[in-house]
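Coordinate inspection notes
Each chain, letter by letter, is given below.
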Amino acid sequence: MSEAERADTGKAGQHPAGGAGRPPAGDASQAATHGGAHAVTAARRHGVATMFTLSGGHVFPLYDGAVTADPPMRIVDVRHEQTAVFAAEATARLERTPGLAVLTAGPGVTNGVSAITTAYFNGSPVVVLAGRAPDYRWGSGSLQEIDHPKLLTAVTKRAWTEHEAGRAGASADRAFRLAAARHRGPVFLDFALEALFGPAGEAGPGGGPGGEAAAGGGPADGHAGLAADGDEQPAGPDPASVGAIAGLLGDAERPVLVLGSDVWLDGAETAARQAAEELRLPVIANGQGRGVLPAGHDLLVTRARSAAFGQADLVIVVGTPLDFRLGYGEFGGRDGAPRARVVHVADDPGQLATHRPLAGSAAGGLAAFFTGLAIAASSARPRWAGRWLPLLQDARDKAMAADEPLLASDADPVHPMRVYGELAKVLDSDAVVIGDGGDFVSYAGKYIEPRRPGGWLDPGPYGCLGTGLGYAIAARIGRPSAQVVLLLGDGAAGFSLMDADTLVRHRLPVVMVCGNNGIWGLEKYPMRALYGYDVAADLQPQCRYDQVVAALGGAGELVTSPAGIGPALRRAFESGVPYLVNVITDPAVAYPRSTTGV
Ligand SMILES: Cc1ncc(C[n+]2csc(CCOP(=O)(O)OP(=O)(O)O)c2C)c(N)n1
Ligand SMILES: [Mg+2]
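Values in this document were obtained by computation on a predicted structure and should not be read as measured data.

Thoughts on the site of ligand 1
Looking at ligand 1, there are 19 residues lining it, with G437, G438, G489, G491 and G521 nearest. Mapped by element, the contributors of at least two residues to the shell around ligand 1 are α18 (439-447), α20 (490-496) and α22 (521-531). Its residues assigned to classes, the shell around ligand 1 shows seven nonpolar, nine polar and three charged.

A short note on helix α6 (residues 113-122)
Think of an α-helix as 3.6 residues a turn; residues three or four steps apart then line up on the same face. Most of α6 is tucked away, with seven of its 10 residues classed as buried. Residues of α6 that are buried: V113, A115, I116, T118, A119, Y120 and N122. In the core, the buried residues of α6 are packed alongside α4 (81-95), α5 (107-111), β4 (126-132), α7 (148-152), β6 (187-192) and α12 (261-265). Just beyond α6, the residue with positive phi is G123, at close to 60 degrees.

Some details on the sheet that holds strand β10 (residues 341-346)
Spatially, the five strands line up as an open sheet ordered β8-β7-β9-β10-β11, and their pairing is parallel. This sheet does not close on itself; its edge strands, each paired only once, are β8 (283-285) and β11 (360-363). Taken over all neighbouring pairs, the strand axes of this sheet differ in orientation by 15 degrees on average, direction set aside. Pairing geometry for β10 and β11, over four bridges, is parallel. By the bridge assignment for β11, V343 is matched with G360. On the sheet, helix α11 (residues 239-251) packs against β7 (255-259), β9 (314-318), β10 and β11 and is oriented at approximately 145 degrees with respect to β11.

A short note on the sheet that holds β4
The strands making up a sheet associate through backbone hydrogen bonding, with each pair oriented either parallel or antiparallel. A sheet is described by the order of its strands in space; here six strands give the open sequence β2-β1-β3-β4-β6-β5, paired in parallel fashion. Where the open sheet ends on each side, the last strands, each with one partner, are β2 (74-77) and β5 (158-162). Across this sheet, the average inter-strand angle for adjacent strands is 25 degrees, counted without regard to direction. Against the sheet, helix α8 (residues 168-180) contacts β4, β5 and β6, and its axis sits at roughly 170 degrees relative to β6.

Remarks on the pairing of β10
For β10, the tally of buried residues reaches six of six residues, placing the bulk of the element in the interior. Here β10 shows no split at all, with R341, V343 and V345 on one side and V342, H344 and A346 on the other all buried.

Points about the packing of helix α2 (residues 35-45) against helix α3 (residues 60-68)
The relative placement of two packed helices is expressed as an angle between their axes plus a distance between the axes. The contact between α2 and α3 brings their axes to 7 Å, and the two run at 60 degrees. As summarised for this structure, α2 and α3 are arranged oblique, according to the angle between their axes. Seen along the crossing, α2 lies across α3 with a hand that is right-handed. Between α2 and α3, the residues in contact are G35, G36, A37, A39 and V40 and P61, L62, D64, G65, A66 and T68, respectively. Classifying every residue of the contact of α2 with α3 by side-chain character gives six nonpolar, four polar and one charged.

Some words on the confidence of the model for the protein chain
Across the protein chain, the average pLDDT comes to 91, with 89% of residues at 70 or higher. Averaged pLDDT values for the elements of the protein chain fall to 36 in helix α10 (residues 211-214) and rise to 99 in strand β3 (residues 99-103). In this model residues 1-29 is a low-confidence stretch, pLDDT under 50, and it forms 45 contacts with partners more than four residues away in sequence or in other chains. Within the model, pLDDT remains below 50 along residues 207-230, and this stretch shows 69 contacts once partners closer than five positions in the same chain are excluded.

A few points about the pairing of strand β17 (residues 579-584)
Burial within β17 is extensive, with six of its six residues counted as buried. Residues Y579, V581 and V583 of β17 are buried on one face, and the alternating residues L580, N582 and I584, pointing to the opposite face, are buried as well. As paired elements, strand β16 (residues 555-559) and β17 share five bridges and run parallel to each other. Opposite E557, over in β17, you have V581 as the bridge partner. Considered for its hand, the β-α-β crossover made up of β16, helix α24 (residues 565-575) and β17 is right-handed.

Conventions adopted
Residues numbered from 1 in each chain as written. Chains lettered and ligands numbered in written order. Predicted model: local features only at pLDDT ≥ 70, side-chain atom pairs only at ≥ 80, totals over all residues. Near = placed C-beta within 6 Å. Helix = DSSP H or I, 4+ residues; strand = E, 2+ residues; numbered from the N terminus. Nonpolar A, V, L, I, M, F, W, Y, C, P; charged D, E, K, R; others polar. Buried ≥ 20, exposed ≤ 12 C-beta atoms within 10 Å, placed from the backbone. Contact = placed C-beta atoms within 7 Å. Pairing = 2+ DSSP bridges. Axes fitted to C-alpha atoms, helices over the stretch in contact; angles between N-to-C directions. Parallel < 35°, antiparallel > 145°, perpendicular 65-115°, else oblique. Left-handed = near helix turned anticlockwise from the far one by under 90°. pLDDT = per-residue confidence, 0-100. Right-handed = clockwise from strand over helix to strand, strands pointing away.

Given below as structure tokens:
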């Protein structure tokens, strides 16, 4: 804590709400009863096992609450606040329990904004609890005095301030309930200094005295009056809408089912697979929908995507927006085929596409949707199973056969696809694979097919570089016995590689593979295509990111030849420490991209 922070928190302690003087050092033998402790109690009730954070005086009571809890809550302290929020987000996306990040006031919060926005785009249940300058000095210019909820409102489900210690637990409880309710997303709650440090009494059922009824906005509650917290989750969509979708399927000849991230996040992976299998529907997976049908499943035709989307007459998209990743929901029309009918299904009505006409839609619990669809459509004869499905399976098999030479390429410098050819040989079926980068990760998305759901993490539609180390930290904690592999572009590595230090300090062995082409590849080639030249697109060639990790206490090695990749990966997995395999790849290779996302 800086001198200024010390002065400020010290003075706040003299405020009546803060008790007499600065709170004493935590006595681990006795549970604390300040507002911070009540907030931690509430978090634990929602299944939170780990607090991700970076220190600041404004949030000490949350640490004290974690340390004095019985048992204590694990604290993982990181090197940049965005890593803390990305780790909380990955916890939410992998474990399907709310993730918790604790950010100190001012810059701690603003450093977390890109990661909070990523959670918003991904519909990830994340709660960010933050410190805040004291109320009694508000307007006098105390250190880091800024009204955070105004900054966070646009990128959270709700952002508000708690001003009273007695309500800290109930307010935190409300934040967790709101984050976990469909459609999930991040919730921001900051506490005036008095509300964290001040005495809060014994913890009540809602996490503090007064329980849920006492929770609510204070003067700075940007959303006071917003409707309830979504405790009453509808079991499933309106049966009439599901029946109408079954009717469309009954008329279809060339249907495609798209499974997106919310199929996994909403716990619908088993029902989705059963429905696809019962109806013999060709499936394309996207985001965390990948792995719902395991690699090699006969209905999985993701690699025949352009034929499927180009010639389909009905596309049923479940659990993902009709955004740039899905051509904004425009399907069909290829080779003289008519435009496809489009059905959009989401966990919440607010997620349904409004930018294009829909032939059908349904909103509600996704497992119930799939079960309902399988029953309602069971009498439909799957006309598509005779010609359409085999056509797509054939296109998929041809595309995969065509990959083989590059996955085994002996080209020197290394072709990035060779990295994935080698990785596929050493990955276990329960591995967690994380992608953070441009072209290098586009290749991974195409060529790494997860064998079970919940094993793949990309940044999602916000496309924020820098997710890597935070996601890897959380994956290692959540899946202690699985392989965790972080695929990093060399550009992406620059955003978060310092958090290899966190991996080292917290003994979290992760295998990092850097696809080091010495450029911001995904930007260099598009700029050249537009202008005939490029600027601001070059990085240091052959930079020793492996030595960065070694300097931080981990290990790593440089790989410059295709034959060196496999043995290096094996050494990395066997090392038991954070290990970066720094593969120098060919900068002349650009990922063949059909869309820029704009
Ligand atoms: C925070 C952030 N800044 C900038 C971008 C724009 N951007 C997207 S991909 C990319 C290049 C990534 O380079 P690298 O990680 O080296 O992967 P490569 O494309 O070279 O394989 C950039 C700069 C972004 N998506 N996110
Ligand atoms: Mg690069």
